[in-house]
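Report on the structure
Here is how the chains run, residue by residue.
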Amino acid sequence: MKIRKGKFLSRGIRLHDMKFLAKDIPIEVMPAPEIISISLGQHIGKPAVPVVKEGDFVYQGQLIAQADGVVSANVYSSVSGTVEGFEKRPVANGAIKDYILIRNDGNYMYRPLDPLPDRNKETVIARIREAGIVGMGGAGFPTAVKLAPKQTPDTLVINGAECEPYLTCDYRLMVEKTDEVAQGIRLIAKALGVTKIVVGIEKNKPDCIEKFASYEDFEIVVLRKAYPMGSEKHLIYSCTGRKVPVGKLPSDVGCVVNNIATAYAVYEAVELDKPLFERVMTVSGKAIVHPANLLVKNGTRFDDIITHCGGLRDTTAMLVSGGPMMGPCMISTDLYSGKTDSGILALDSSETDSRNPSPCINCGACAEVCPMHLLPMMIDFYTQARDYQKAREVGGVDNCISCGCCSYVCPARRAIVQSITLCKQKLASKG
Ligand code: SF4
Ligand code: SF4
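Residues numbered from 1 in each chain as written. Chains lettered and ligands numbered in written order. Predicted model: local features only at pLDDT ≥ 70, side-chain atom pairs only at ≥ 80, totals over all residues. Heavy atoms only, no water.

Of note, aspartate 341 is situated in the loop between strand E16 (316–321) and strand E17 (343–348). Between the alpha carbons of aspartate 341 and glycine 138 there is a distance of 6.8 Å; along the sequence they are 203 residues apart. Leave out the neighbours within four places in its chain, and aspartate 341 touches Arg279, Val280, Met281, Phe302, Ser321 and Tyr336. (Helix = DSSP H or I, 4+ residues; strand = E, 2+ residues; numbered from the N terminus. Contact = heavy atoms within 4.5 Å.)

Before going further, it helps to examine empty space enclosed by the protein. If a probe the size of a water molecule is rolled over the atoms, the empty space left behind becomes visible. Inspection of every chain in the model, using the stated rule, returns 4 cavities of 30 Å³ or more. By volume, the largest cavity is sized at about 110 Å³. For the lining of the largest cavity, the secondary-structure elements that each account for two or more residues are helix H9 (365–369) and helix H10 (376–384). Here the lining of the largest cavity is composed, by residue class, of 10 nonpolar, 2 polar and 2 charged. (1 Å grid on protein atoms, 1.4 Å probe; cavity = no way out; pocket = protein on both sides within 12 Å on 5 of 7 lines; lining within 4 Å. Points joined across faces, edges and corners; volume = space filled by probe spheres on them. Nonpolar A, V, L, I, M, F, W, Y, C, P; charged D, E, K, R; others polar.)

A few words now on the site of ligand 2. In the neighbourhood of ligand 2, 13 residues make up the surrounding shell, with Cys360, Cys363, Gly364, Cys366 and Cys410 lying closest. The cavity that encloses ligand 2 is the largest cavity. (Near = heavy atom within 4 Å. Sits in = over half its atoms within 2 Å of the grid points.)

This next bit is on the nonpolar core. Among the nonpolar cores identified, the biggest contains 52 residues, and Leu156, Ile185, Phe212 and Phe218 are the most heavily contacted of them. Looking at this core, the elements that each hand over two or more residues are helix H1 (121–130), strand E10 (155–160), helix H3 (169–176), helix H4 (178–192), strand E11 (196–202), helix H5 (206–213), strand E12 (218–223) and helix H7 (260–271). A total of 9 residues in this core trace back to one element, the largest contributor, which is H7. Beyond its immediate sequence surroundings of up to four residues, isoleucine 185 is in contact with Leu156, Ile158, Ile197, Val199, Phe212, Phe218 and Ala263. Formed by 23 residues, the second largest nonpolar core is a distinct cluster that contains Leu9, Ile13, Met229 and Leu235. (Core = buried A, V, L, I, M, F, W, Y, C linked by side-chain atoms within 4.5 Å. Buried < 20%, exposed > 50% of the residue type's maximum accessible area, 1.4 Å probe, protein only.)

Quick look at the packing of helix H11 (residues 388–395) against helix H13 (residues 416–429) now. The contact between H11 and H13 brings their axes to 9 Å, and the two run at 115°. Between H11 and H13, the interaxial angle falls into the category roughly perpendicular. Where H11 crosses over H13, the two elements pack in a sense that is left-handed. Mapping the contact onto sequence places Tyr388, Gln389, Ala391 and Arg392 in H11 and Cys423, Lys426 and Leu427 in H13. Each residue belonging to the contact of H11 with H13 can be placed in one class, and the counts come to 4 nonpolar, 1 polar and 2 charged. (Axes fitted to C-alpha atoms, helices over the stretch in contact; angles between N-to-C directions. Parallel < 35°, antiparallel > 145°, perpendicular 65-115°, else oblique. Left-handed = near helix turned anticlockwise from the far one by under 90°.)

It is worth spelling out the domain arrangement of the chain at this point. Along its sequence, the chain is carved into domain 1 (1–32 + 115–354) and domain 2 (365–429). The interface is formed by 14 residues belonging to domain 1 together with 16 residues belonging to domain 2. Across the pair arginine 413 and aspartate 353 runs a salt bridge, and its minimum N-O distance is 2.8 Å. Our enumeration of links across domain 1 and domain 2 arrives at 8 residue pairs in polar contact (both at pLDDT 80 or more). When grouped by side-chain class, the residues that make up the side of domain 1 that touches domain 2 number 7 nonpolar, 4 polar and 3 charged. (Domains from an automatic or database assignment. Salt bridge = Lys/Arg side-chain N within 4 Å of Asp/Glu carboxyl O. Polar contact = N/O pair within 3.5 Å; in protein donor to acceptor, adjacent residues only side chain to side chain.)

What follows covers the state of the cysteines. The tally for this structure, following the rule as stated, stands at 0 disulfides. Not part of a disulfide, cysteine 163 finds its nearest cysteine sulfur in cysteine 405, a span of 8.8 Å. This cysteine, cysteine 405, is not joined by any disulfide, and cysteine 403 carries the nearest cysteine sulfur, 3.5 Å off. Judged by its relative accessible area of 0%, cysteine 405 is buried. (Disulfide = S-S within 2.5 Å.)

So, about H4. Across its 15 residues, H4 extends 21 Å between first and last C-alpha, which sits within 8% of the 21 Å expected from 1.5 Å per residue. Listing the buried residues of H4 in full gives Thr178, Val181, Ala182, Gly184, Ile185, Leu187, Ile188, Ala189, Ala191 and Leu192. Positive phi shows up at glycine 193, right after H4, with a value of about 75°. (Expected span 1.5 Å × (residues − 1).)

Mapping threonine 262 onto the fold places it in helix H7. Spatially, the C-alpha atoms of threonine 262 and glycine 135 are 5.9 Å apart, while their sequence positions differ by 127 residues. Once residues lying within four places of it in the same chain are set aside, the contact partners of threonine 262 are Ile133, Val134, Gly135, Met136 and Thr143.

If you add up the space inside the second largest pocket, you get close to 360 Å³. If you trace the second largest pocket, you find 15 residues lining it, with His234, Tyr237, Lys243, Pro371 and His373 closest to the centre. By residue class, the composition of the lining of the second largest pocket is 8 nonpolar, 3 polar and 4 charged. Shared between two domains, the lining of the second largest pocket takes at least three residues from each, and those domains are domain 1 (1–32 + 115–354) and domain 2 (365–429).

This part covers the sheet that holds strand E3 (residues 35–39). By way of backbone hydrogen bonds, the strands of a sheet pair with one another, either parallel or antiparallel. Pairing within the open sheet is antiparallel, and its 4 strands lie in the order E3-E9-E8-E5. If you trace the sheet from one side to the other, it starts and ends with E3 and strand E5 (57–58), each paired once. Judged from the 9 bridges that link them, strand E8 (residues 81–90) and strand E9 (residues 96–104) form a sheet pairing that is antiparallel. Its bridge partner being in E9, threonine 82 is matched across the sheet by arginine 103. (Pairing = 2+ DSSP bridges.)

Here we come to the sheet that holds E17. Taken together, the 5 strands give an open sheet; going across it, the order is E2-E15-E14-E17-E16, and neighbouring strands pair in mixed fashion. At either end of the open sheet lies a strand with only one pairing partner, and these are strand E2 (27–29) and E16. Averaged over neighbouring strand pairs, the angle between their axes works out to 25° when direction is ignored. Where strand E14 (residues 278–284) lies against strand E15 (residues 292–297), 6 bridges are found, and the strand directions are antiparallel. By the bridge assignment for E15, methionine 281 is matched with leucine 294. Running over the sheet, H3 touches E2, E14 and E15 and is turned about 120° from E14.

See the structure below:
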């Protein structure tokens, strides 16, 4: 058994994790609604291209949209039924994406992928690509691309931190599907051609640490409970002591990072020939009647998920898609679940801060906690002054990981992350 402590991170913040609301609730399969709306852009890169037309019958597990190039991902139907049509819809962050509408016939006639003849590096990567697997921690980067880095890695780092408060979907997978997740991890290691597997787990999950420590081929790193411990660069440092330089990738220091849900999806794709069309989501917060960990079919309306959990309490003050630190606030529940949706949170006034922002008092708290050693107040200042280039030069906005630590600690309640997002968008639009 190889267990050791992770390296200390001097920055970041300590949060009330609030996981007690859902952590002991087993994964429950949520029945799919009558209408499913599946996004063609559930990943970073080009949207997938539809391969079905209105009126077609589709099986559960049937390819309905094909990856458009290398940085893209296949999309599969999560139910059997009839293609009702195509529509454009907003996602939680306000971007408009294309969707395929499917009327669920309730029969779940399932068509798996063809069985894999063998499991070597090439066939496993090809299967991961075929199954449409993307990073399910939220990034949505196509996993097959991540598994073929330019620099040859020597270490696979598995992110078992789940450092966002409230979210327990990865925790439940680690507890309930331990062997399956472990098999998925080994398959990712095989695809990478590495033998060193490091699993980083926050110390608030002792049961997971104990379970994963029973596998002789894994090295378990017990991570300090800190946010954002799950950020790739910080996880790599804490697990291996290697520092990923600014502007470089994990593979530049010999590492590739994957998360728990992705490992589970890899297991299902390779061992069960199942493409990615459903995932575990946490529904939590004090304003949801029955917190839950649900296995949700892609394309399920958030409103239906909330109704399945007993609905919202009258005290609801804010709805969030994903974790409270990085997830966007929702102005509507007329949204549809996808591969990267880890949760829905309904928060009451005791869990939110509705005070209005006031001028910066130059206290420096945001810079003190910034895990990327940036000057968040400068990014905010220059963005408000519409001098985005200065926000880049002085504040270092390009290296921001949008973790939200700066906004969280700001006594003036400055909306720093919103400034950062705006600044990044403006810089990107200028090329
Ligand atoms: S500036 Fe970016 S990286 Fe630094 S604390 Fe704020 S959101 Fe996080
Ligand atoms: S924490 Fe808020 S008030 Fe303090 S320096 Fe940063 S932006 Fe200004």
